[in-house]
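Overview (structure and organization)
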Amino acid sequence: KINEQLNFYSMLIVESDFSFKEHQASSQVIRLGLENRKKMQFGIGSNISQVGCSYETDINFGVFIGKKF
């Protein structure tokens, strides 16, 4: 808890898809920010994905806004 109105918010999601012989695809979702008393989140985030056996990587950065239900 940062103060009476804001909490620290973080999220990490890691997914991987492997066949019996090699890597197919993986993705990571990273979020860091703040959450207010109304459960609204905002901050910075990144989506990272890798495909194929060579792990070709795509990375995106940006801001996010979310609502917890």
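Description of the structure in this document. (Residues numbered from 1 in each chain as written. Predicted model: local features only at pLDDT ≥ 70, side-chain atom pairs only at ≥ 80, totals over all residues. Heavy atoms only, no water.)

So, the environment of Asn3
The topology assignment puts Asn3 in the segment before strand 1 (6–18). Between the C-alpha atom of Asn3 and that of Cys53, which follows or precedes it by 50 residues, the distance is 46 Å. Here the side chain of Asn3 touches Gln5 through a polar contact of 2.8 Å, landing on its backbone nitrogen. Only 2.9 Å separates the side chain of Asn3 from the backbone nitrogen of Leu6, close enough to count as a polar contact. (Helix = DSSP H or I, 4+ residues; strand = E, 2+ residues; numbered from the N terminus. Polar contact = N/O pair within 3.5 Å; in protein donor to acceptor, adjacent residues only side chain to side chain.)

Side note on the pattern of salt bridges
All chains considered together, the criterion is met by two salt bridges. Here the salt bridges do not stand alone but share partners, grouping Glu35, Lys39 and Lys68 into one network. (Salt bridge = Lys/Arg side-chain N within 4 Å of Asp/Glu carboxyl O.)

Note that every value here comes from positions in space, so none of it alone points to a role or purpose.
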